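Remarks on the overall topology
Each chain, letter by letter, is given below.
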Amino acid sequence: MKIGFIGLGNMGAPMAQNLVAAGHQVTGFDTATPMPEGVNAATSAANAAKGQDVVITMLPNGAILRAVADEIIPAMAPGAGFVDCSTVDVESARAVAAQAEAASLLPVDAPVSGGVGGAAAGTLTFMAGGSEEAFAKAQPLFDIMGQKAVHCGASGNGQAAKICNNMILGVTMIATCEAFALADKLGLDRQAMFDVVSTSSGYSWTMNAYCPAPGVGPKSPADNDYQPGFAADLMLKDLRLSQQAAEAVDADTPMGQAAAALYAQFVEDEDGAGRDFSAMLPRFESRTRS
Ligand code: NAD
């Protein structure tokens, strides 16, 4: 296929390279980052999008996605796929999809989980929203860049799935970290804590697969001085998107709200910026109840 790729940062560059490696012809545009090897450089987003079978975007937020969409939609041919893999607010995803459909394009919102490692290895999970036809058009590319793509329903549902998942993840990470810090103060050995919880009803992905305690459980960012991994800043972004969505549909999400407030404090007022989101554990360790 002929593919346009807009936004070739930490995630976009390795994703685009996997498409090149699979034999696709990829033309890219980024306002700051140089093109990775094998990707042809376009002089604008519109030029990167023009005449392509599918255009993929991997951008920082909804406002930038909307601005890029305004520029590329008029340049794209009817029937082309528009696959947005960025994590953005549900409203922006639905607005951009409506605009693309009005121009006879096939839009899919398809945020990912798996991080930079998954992008490089081609093992991302895609959560997709859009019509059957649009999903089918994007599917072969999901198969190259990822290991799984779930069609979650209409436009915006991919973003909805992503922020609900990450709201659970943020809340669960906090719960796991505060329990470890409590266990420390109660004199419980961390390995014993892991051995019990990972096989008991408190188990979770954060405990079993991404344990925030160094030297315990499988290798995780905790074993690498809390270098991300998944940065606390990105968790804060996703928790804020979850609360923005909850506000828009009047959903009561007290735990998500508390998690967003705690990550905001950690990233903006304390030393959490640039650290893995599991660094909540040393944070709790260093604190008292008051
Ligand atoms: P990044 O900042 O490394 O990349 C974004 C790129 O977009 C940058 O290279 C930037 O120059 C470019 N850009 C900004 N405005 C542009 C414009 N108008 N036109 C063209 N290019 C423009 O971010 P990232 O880590 O690659 O994340 C991209 C998206 O993926 C975000 O929405 C993020 O939330 C999501 N995401 C990231 C991770 C992760 O672990 N990094 C995991 C899952 C999802």
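Look up: the structure comes first, before these words.
Residues numbered from 1 in each chain as written. Predicted model: local features only at pLDDT ≥ 70, side-chain atom pairs only at ≥ 80, totals over all residues. Heavy atoms only, no water.

The next point concerns the overall build of the protein chain. A tally of helices and strands in the protein chain yields 12 helices and nine strands. The C-alpha atoms of the protein chain give a radius of gyration of 20 Å, which matches the 19 Å a tight globule of 290 residues would have. Counting only C-alpha atoms and orienting by the principal axes, one finds that the protein chain spans roughly 65 × 40 × 35 Å. Residues classed as buried in the protein chain amount to 50% of the 290 residues present. When contacts within the protein chain are restricted to residue pairs at least 6 apart in sequence, those whose partners lie at least 24 apart make up 63%. (Helix = DSSP H or I, 4+ residues; strand = E, 2+ residues; numbered from the N terminus. Rg over C-alpha atoms; globule rule 2.2 N^0.38 Å. Buried < 20%, exposed > 50% of the residue type's maximum accessible area, 1.4 Å probe, protein only. Contact = heavy atoms within 4.5 Å.)

To continue, consider the side chain of Ser-204. One can find Ser-204 in the loop between helix 8 (190-197) and helix 9 (205-208). At 2.8 Å, the side chain of Ser-204 and the side chain of Thr-206 are in polar contact. Looking at Ser-204, its side chain comes within polar contact range of the main-chain nitrogen of Met-207, at 3.2 Å. (Polar contact = N/O pair within 3.5 Å; in protein donor to acceptor, adjacent residues only side chain to side chain.)

All right, on to the site of the ligand then. In the vicinity of the ligand lie 24 residues, with Met-11, Asp-30, Thr-33, Leu-59 and Lys-237 positioned nearest. Measuring from an oxygen atom of the ligand, one finds a backbone N or O atom of Met-11 at 2.8 Å. Protein contact buries 83% of the 830 Å² of open area that the ligand shows by itself. Those elements that place two or more of their residues in the shell around the ligand are helix 3 (62-72), helix 5 (115-121) and helix 10 (232-249). (Near = heavy atom within 4 Å. Areas by Shrake-Rupley, 256 points an atom, 1.4 Å probe, with all protein chains shown as cover.)

Turning our eyes to something else, we now look at the packing of aromatic side chains. Under the counting rule described, the total for this entry stands at six aromatic pairs. Ring geometry for Tyr-210 against Phe-277: centres 5.4 Å apart, planes inclined by 50 degrees, an arrangement best described as tilted. Separated by 67 residues along the polypeptide, Tyr-210 in the loop between helix 9 and helix 10 and Phe-277 in the loop between helix 11 (254-269) and helix 12 (280-285) bring together distant segments of the chain. Between Phe-230 and Phe-277, the aromatic rings sit 5.4 Å apart at their centres with planes inclined by 80 degrees, giving edge-to-face as the arrangement. With Phe-230 in the loop between helix 9 and helix 10 and Phe-277 in the loop between helix 11 and helix 12, the pair connects residues that are 47 residues apart, well separated along the chain. Cluster of aromatic residues (ring-pair linked, three or more members): Trp-205, Tyr-210, Phe-230 and Phe-277. When the ring centre of Phe-284 is taken as reference, the NZ or CZ atom of Arg-283 above it lies at 5.4 Å. (Phe/Tyr/Trp six-rings, centres within 6.5 Å; stacked < 30°, edge-to-face > 60°. Lys NZ or Arg CZ within 6 Å of the ring centre and 35° of its normal.)

Next up on the list: the side chain of Asp-89. In this fold, Asp-89 is placed in the loop between strand 5 (81-84) and helix 4 (90-102). Within the buried set, Asp-89 has no salt-bridge partner at all; the shortest N-O distance to an opposite charge, 4.4 Å, is to Arg-66. Within the structure, the side chain of Asp-89 is placed 2.8 Å from the backbone nitrogen of Ser-92, a separation counted as a polar contact. Those residues in contact with Asp-89 that sit more than four places away from it in its chain are Gly-62, Arg-66, Leu-241 and Gln-244. (Lys, Arg positive; Asp, Glu negative; His and termini not counted. Salt bridge = Lys/Arg side-chain N within 4 Å of Asp/Glu carboxyl O.)

Time to look at the nonpolar core. One finds Tyr-263, Phe-277 and Met-280 to be the most contacted residues of the largest nonpolar core, which totals 35 residues. Top element by residues in this core is helix 7 (residues 157-185). It accounts for eight residues. If you look at the next biggest cluster of nonpolar residues, it comprises 29 residues, including Ile-3, Val-39, Ile-56 and Val-83. (Core = buried A, V, L, I, M, F, W, Y, C linked by side-chain atoms within 4.5 Å.)

Before going further, it helps to spend a moment on the sheet that holds strand 5. If you trace the six strands from one edge of the open sheet to the other, you get 3-2-1-4-5-6, paired in parallel fashion. For this open sheet the edge positions go to strand 3 (40-41) and strand 6 (106-109), each flanked by a neighbour on one side alone. Across four bridges, the pairing between strand 5 and strand 6 is parallel. Looking at strand 6, one finds that Val-83 is bridged to Val-108. Sheet strands touched by helix 1 (residues 12-21): strand 1 (2-6), strand 2 (25-29) and strand 4 (54-57). Its angle to strand 1, the strand with the most contacts, is close to 170 degrees. Sheet strands in contact with helix 6 (residues 132-145) are strand 1, strand 4, strand 5 and strand 6, and its direction is about 55 degrees off that of strand 6. (Pairing = 2+ DSSP bridges. Axes fitted to C-alpha atoms, helices over the stretch in contact; angles between N-to-C directions.)

Okay, the pairing of strand 9 (residues 146-151) next. For a regular strand, side-chain orientation follows a simple rule: the groups alternate between the two sheet faces. Pairing geometry for strand 8 (residues 124-128) and strand 9, over five bridges, is parallel. Bridging from a neighbouring strand, Met-127 pairs with Val-150 of strand 9. Between the parallel elements strand 8 and strand 9, the chain passes through helix 6 in a crossover that is right-handed. (Right-handed = clockwise from strand over helix to strand, strands pointing away.)

Next up on the list: unusual backbone geometry. Here the bond from Pro-228 into Gly-229 is cis, since omega is 20 degrees, no more than 30 degrees from zero. You will see that Ser-104, though not glycine, has its phi angle at about 60 degrees, which is positive. Counting through the fold element by element, Ser-104 comes out in the loop between helix 4 and strand 6. Even without being glycine, Asp-225 reaches a positive phi, approximately 55 degrees. When you line up the elements, Asp-225 lands in the loop between helix 9 and helix 10.

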